[in-house]
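What follows is the residue order along each chain.
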Amino acid sequence: MRPDSLSDLQLDAIREMGSIGAGHAATALAQITGRPVAIDVPEIRLVPVTEVPGALGGPETLVGAVFSRLLGDVAGSVLFMGVRDALLGLIDILHNRPVGSTKSLGPAEESIVTQTGFVLITAYLTAIGRLADLTILPSRPAFAFDMSGAVLDTVAADVGMKADTAILVQTAFSTEEDRIDAVVLYMPDPDSLEVMLGKLGVV
Amino acid sequence: MLQNETARGIGGEDPPVVLVSTGEFAIADHPSVLLTPALGSCVGVAIWDAVRMRGALAHVMLPSPGVALKDGNPDRFATVVLPKMVALLGEGLVLKRFVAKIAGGAAMFKGDTQMASIGDRNVEEVKKQLALLRVPVIAEDTGGSHARTMEFHLDTGLVVVRSYLYGIREL
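About the thresholds
Residues numbered from 1 in each chain as written. Chains lettered and ligands numbered in written order. Predicted model: local features only at pLDDT ≥ 70, side-chain atom pairs only at ≥ 80, totals over all residues. Helix = DSSP H or I, 4+ residues; strand = E, 2+ residues; numbered from the N terminus. Buried ≥ 20, exposed ≤ 12 C-beta atoms within 10 Å, placed from the backbone. Contact = placed C-beta atoms within 7 Å. Nonpolar A, V, L, I, M, F, W, Y, C, P; charged D, E, K, R; others polar. Core = buried A, V, L, I, M, F, W, Y, C linked by C-beta atoms within 7 Å. Expected span 1.5 Å × (residues − 1). Pairing = 2+ DSSP bridges. Axes fitted to C-alpha atoms, helices over the stretch in contact; angles between N-to-C directions. Arc of directions from axis to C-beta.

### Some points on the overall build of chain B
In terms of regular secondary structure, chain B is built from two helices and 11 strands. With 171 residues in all, chain B has 45% of them scored as buried. Taking contacts inside chain B between residues at least 6 apart in sequence as the whole, the part at least 24 apart equals 62%.

### Quick word on the interface of chain B and chain A
Contact with chain B, which involves 22 residues of that partner, is made by 22 residues of chain A. Secondary structure elements with two or more residues in the side of chain B that touches chain A: strand E4 (33–39) and helix H2 (113–132) of chain B. In terms of residues, the side of chain B that touches chain A owes the most to one element, E4(B), which gives three residues. Residue classes in the side of chain B that touches chain A are distributed as 13 nonpolar, seven polar and two charged.

### Describing unusual backbone geometry
The amide bond that connects B:His30 to the next residue, B:Pro31, takes the cis arrangement and shows omega of 15°. Structurally, B:Pro31 can be placed in the loop between strand E3 (25–29) and E4.

### Focus on the nonpolar core
The biggest cluster of nonpolar side chains holds 115 residues, and the ones touching the most others in it are A:Tyr124, A:Leu185, B:Val45 and B:Ile47. It is helix H4 (residues 107–132) of chain A that provides the largest number of residues to this core, a total of 10 residues. If we skip the residues at most four places from it in the chain, A:Leu185 touches A:Val52, A:Val78, A:Leu79, A:Met81, A:Ala166 and A:Leu168.

### As for helix H3 (residues 84–95) of chain A
Residue and element names in this part refer to chain A. Between its first and last C-alpha, H3 extends 17 Å over 12 residues, near the 16 Å set by a 1.5 Å rise per residue. For H3, every residue scored as buried is listed here: Ala86, Leu87, Leu88, Gly89, Leu90, Ile91 and Ile93. Elements in contact with the buried residues of H3: helix H1 (8–33), strand E3 (62–72), strand E4 (76–83), H4 and strand E8 (179–188).

### Topic: the sheet that holds strand E2 (residues 17–19) of chain B
Note: strands within a sheet are paired through backbone hydrogen bonds, in either parallel or antiparallel orientation. All names here are of chain B. Taking strand neighbours across the sheet as the criterion, the five strands line up as E2-E4-E9-E10-E11 in an open arrangement whose pairing is mixed. The strands lining the two open edges of the sheet, one partner per strand, are E2 and strand E11 (167–170). Strand after strand, the sheet turns through a mean of 25° between neighbouring axes, direction not considered. Strand direction decides the pairing type here: E2 and E4, joined by three bridges, are parallel. Residue Val17 lies in a different strand from E4, and its bridge partner there is Val33.

### Describing helix H1 (residues 78–89) of chain B
Helical geometry note: an α-helix holds 3.6 residues per turn, so side chains three or four residues apart project in the same direction. Residue and element names in this part refer to chain B. Taking 1.5 Å per residue, 12 residues should reach 16 Å; H1 reaches 16 Å between its end C-alpha atoms and fits that length. Those residues of H1 that sit buried are Ala78, Val81, Leu82, Met85 and Val86. The buried residues of H1 occupy an angular sector of 125° when the element is viewed end-on, so they sit on one face. Packing partners of the buried residues in H1 comprise E3, strand E5 (43–49), strand E6 (54–60), strand E7 (98–104) and H2.

### Describing the pairing of E3(A)
Residue and element names in this part refer to chain A. The buried fraction of E3 is high, at eight of 11 residues. Pairing of E3 with strand E6 (residues 142–147), which is carried by six bridges, proceeds in the antiparallel orientation. Each bridged residue has a counterpart across the sheet, and for Phe67 the counterpart in E6 is Ala142. Strand direction decides the pairing type here: E3 and E4, joined by seven bridges, are antiparallel. The partner of Val66 across the bridge, within E4, is Phe80. Taking the residues between adjacent antiparallel strands as the criterion, E3 and E4 are bridged by three residues. Across three bridges, E3 lies against strand E5 (residues 136–138) in antiparallel orientation.

Such coordinate-based values are descriptive only and should not be taken to indicate function.
So, in structure tokens, the structure goes:
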């Protein structure tokens, strides 16, 4: 199934999955931080993987990304990504201190971002899995921190043989004071997307 | 393929930059500068014709189409784009004296072995194709785990590789 051949109804179903996933991720984040976390109405689009850097401020923008493969009933991969400042802000929220306190991304911060990103990915996949009645599990996460273009090139090369279009969920997590912009890229194989849409009854 | 049509004079202005996106290639003449941003596991291949001050730059994404080539731009594969580049660059020439410089092929993600090998395989296939085309690789900055931006100057054949980790390197 090619993304450009999707009907309006199917696109709606994909948007719905994206926004339910983001909602669950926000709940998880609220539980980790012990503070209420709200999400903005997420913007959900289907975009070629190589065009995603444009949504994040150009190919040379510094981003951190957590990558997992999909295991279980579907195949594909998922990426949680944020620009450098957003990730530093996320670390501050997790440490319960004012945003702007964390200045650098060392091994300890890298680990926090990887684990938190992984929790958000898992929350996201669980929500989609429950909705479509499928078992979707993430693999052990891998972390990268560099130019967004290069990170996405690598992901695109990895999925390049099958899926070159990703479901881009762009959202902001906000606590009472702060706002963290983040992106989740969901890249199911075309066959898996068909299975999922079939389960949702919109083939 | 992009063609450079806006070559400006030498009146102190910045040289026109020809941008090469992922999975594409471009040919240009001096004073244009060829640029490809953010190479991850992809490999940037610069092929230079010193006599004509002309060159081609490709942003190679994968080694070969294999069995899965269905759609998309075939220029993203090393086995497709490199012969095409050398043929276009050598049009009308009896003697081809090209040299190549390559950069990229990094392993961007820590902790994913499957993805770590894509960069290595790209570099390997690019070198193999260039050897078959009899274009010697005279300089390279490949491997590692950092992203690179590659800039190719066509008067001197200078390739500038920029990264957040190492700053500026000249090949």
